[in-house]
Structure formats: structure tokens, C-alpha cells
Amino acid sequence: MPVPSSPSPLSQSVIVHRLRAVGCVFAEDEARLLLAAAQTPTELAAMVDRRVAGQPLEHVLGWVEFCGLRIAVDAGVFVPRRRTEFLVHQAAALARHAGTSGARPRTAVDLCCGSGAVGAALVAALGRVELHAVDLDPVAVRCARRNVAAAGGHVYEGDLYEPLPSAVRGQVDVLVVNAPYVPTDSIVLMPPEARDHEPRVALDGGPDGVDVHRRVAAGALPWLAPGAHLLIETSKHQSPLTMDAIAGNGLIPRAARSEELDATIVIGTRPGSAR
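Keep in mind the model is a prediction, meaning the values are calculated, not measured.

1. Digging into the packing of aromatic side chains
- All chains considered together, the criterion is met by one aromatic pair.
- Note on Tyr-161 and Trp-223: the rings are 5.9 Å apart at their centroids and 10° apart in plane angle, and the pair reads as stacked. Here the residue Tyr-161 occupies a position in the loop between β5 (154-157) and β6 (172-177), and Trp-223 occupies one in the loop between α9 (211-220) and β7 (224-234), the gap between them amounting to 62 residues. By the burial criterion, Tyr-161 is buried, and Trp-223 matches it.
- The aromatic ring of Trp-63 is capped on one face by Arg-70, whose charged end is 3.7 Å from the ring centroid.

2. Comments concerning the layout of surface pockets
- Approximately 760 Å³ is the volume attributed to the largest pocket.
- Taken together, 43 residues line the largest pocket, and the ones lying closest to its centre are Phe-78, Asn-178, Ala-179, Pro-180 and Ala-202.
- Of all elements in the fold, only α6 (117-126), β4 (129-135), α9 and β7 reach the threshold of two or more residues within the lining of the largest pocket.
- Within the lining of the largest pocket, the residues separate by chemical class into 23 nonpolar, eight polar and twelve charged.
- Each pocket or cavity is described by its volume, and for the second largest pocket that value is around 560 Å³.
- Lining the second largest pocket are 20 residues; nearest its centre among them are Glu-58, Val-64, Val-79, Pro-80 and Arg-82.
- When contributions to the lining of the second largest pocket are tallied by element, the ones reaching two or more residues are α2 (27-37), α4 (57-61), β1 (63-66) and α8 (192-197).

3. A look at helix α5 (residues 85-96)
- The end-to-end C-alpha distance of α5 is 17 Å, a good match for the 16 Å that twelve residues give at a rise of 1.5 Å each.
- Of the positions making up α5, those classed as buried are Glu-85, Phe-86, Leu-87, Val-88, Ala-91, Ala-92, Leu-94 and Ala-95.

4. Points about the packing of α5 against α6
- One way to put it is that α5 packs onto α6 with a least axis distance of 10 Å and a crossing angle of 45°. By the angle between their axes, α5 is oblique relative to α6. The two elements α5 and α6 cross, and the hand of that crossing is right-handed. Mapping the contact onto sequence places Leu-87, Val-88, Ala-91, Ala-92, Ala-95 and Arg-96 in α5 and Val-118, Ala-121, Leu-122, Ala-125 and Leu-126 in α6.

5. Some words on the confidence of the model for the chain
- Per-residue confidence for the chain gives a mean pLDDT of 92; residues scoring 70 or more make up 94%.
- pLDDT under 50 marks residues 1-6. Its contacts with residues more than four places away, or in other chains, come to zero contacts.

6. Side note on the pairing of β7
- The buried fraction of β7 is high, at ten of eleven residues.
- With six bridges joining them, β7 and strand β9 (residues 263-269) adopt antiparallel strand pairing. If you follow Glu-233 over to β9, its bridge partner there is Ile-265.

Cut-offs applied
Residues numbered from 1 in each chain as written. Predicted model: local features only at pLDDT ≥ 70, side-chain atom pairs only at ≥ 80, totals over all residues. Heavy atoms only, no water. Phe/Tyr/Trp six-rings, centres within 6.5 Å; stacked < 30°, edge-to-face > 60°. Helix = DSSP H or I, 4+ residues; strand = E, 2+ residues; numbered from the N terminus. Buried < 20%, exposed > 50% of the residue type's maximum accessible area, 1.4 Å probe, protein only. Lys NZ or Arg CZ within 6 Å of the ring centre and 35° of its normal. 1 Å grid on protein atoms, 1.4 Å probe; cavity = no way out; pocket = protein on both sides within 12 Å on 5 of 7 lines; lining within 4 Å. Points joined across faces, edges and corners; volume = space filled by probe spheres on them. Nonpolar A, V, L, I, M, F, W, Y, C, P; charged D, E, K, R; others polar. Expected span 1.5 Å × (residues − 1). Axes fitted to C-alpha atoms, helices over the stretch in contact; angles between N-to-C directions. Parallel < 35°, antiparallel > 145°, perpendicular 65-115°, else oblique. Left-handed = near helix turned anticlockwise from the far one by under 90°. Contact = heavy atoms within 4.5 Å. pLDDT = per-residue confidence, 0-100. Pairing = 2+ DSSP bridges.

See below:
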């Protein structure tokens, strides 16, 4: 009985041609990454088939580069965007100025953490940080634990502040949030990669996209230390709504913008002197 032969290795040119045919703009770069990731011709063929079928490249590879880190991204988990690096940079800058006299490290909370990329990048940027990350989606929580465990952080499954340990209340120096902010009616306009392969709970921000921001702002004050900061990624268009939510819950709001990354965040500061 003849032994089935292994498939012939796909050449880079063939992969590029297949990726271009389905509209991949950076086909050459993607082909190089797929070739480097695959261990066997069979695995390579399967990975190319998944990408051609429309799965996000990051889900096919199993990782994404974020703030210079390789972050694990499982299928069905929200893929960190490069613009979110601005959220990390701003949070790290504020945390460096947080009062950290004595033995206590800075404390950071990453709500709606998804893969845990923001929290892991904060630890990498700051060094000694007590990190607590939360997400509602059990698939995301499992993925985040892989990324955050190496940073010595803790990941909890639950709704916003509900699963956080009570000992963190009033101790948080930076509270970072990359919650969903796509208006419900706009999800249909998103690229199929996101719309079809990322969880709806990570995309849908309600009728005006700011529903979760309002809930975050409403619960933030008791968790923040005096002078500490809440940072929420939003859009340029929605930032006034996010600022209103923050101002209406006892925090002092301001917006920050990176034109290079097309990124907007709103920062809410708890009144009082930083420790």
C-alpha cells in the first residue's frame, strides 16, 4: 500500500500570490512571517489556508508584536492594535510620577484586558509593578494568563471591578482601559477579520460606543489612590462623551492625542496629592 507523500513546500512567491488574490495588502511581509512560523510543510499549508479564508494573521501565527513584546493571541481573542501602544506610553509616564515611597510597588489595573497586552507592556516599561487584569470573556482570560503570568501579574474573570481583590481598593496608581468603543450600528462596517473573528463583547460599545466607558467611570473613584489616573482609549469623535463620563464621576478629565498612531485617550485624575 503506497505511503501518502507529504505536501510539497509552498514557495514564498506562491504564498504571496494567494494572499494578494484575497486582498492582503502586506502579502510579502505576511508570507515571510508564515514561512518562519511553520514547522512543517503541512503546517505551513494549513496556516496559509486559514489566512486566505480570512482569519486574522495574528490568530494564525498565535502572536502579535506589541510595544516590542511578543504577545500570545489565541483564536477568538481581540487582537491588540498598534494605536493602543499610545495608551501604554501615557500610562507608563504617569505611573513613573506616582508616589511610590517605601516598599510598596506601583499598582496598575488593566480592565477589559483581552490578551493582557496592555498590562504586560506596562510591567515591561515600568519594572516593579503590582498588576491586576480583568476580563469578562473566559477565552481572553486564559490567553491573558499566559501573557501576564510572565510579568508576575494576576488575571481575574469577571465584570469590570467585581473580581478585583478588596485590598486594591484605594491603592491603584494607574487604571488602564481598552474597552469596546465601536457603536453597535458601526460593527457591520468593520473589516471582516475583526467583525467575524473577534468576540462581539470586545467590539460593541453600545449605541454611541461609550456604554462601557460610562460604567468604568462610574466605578473608578473608590479604586484610585489620591492623585492617581484612569486612562481610557477612545476615538477622536467620541472623546467628548468619554470626558463627560469621567467628569461626571468626580475625576478631572483631559484628552491626549497621537496623530502618528491615530490614537486618542481620555485621562481622568482623582483629586488629591499623589503618594
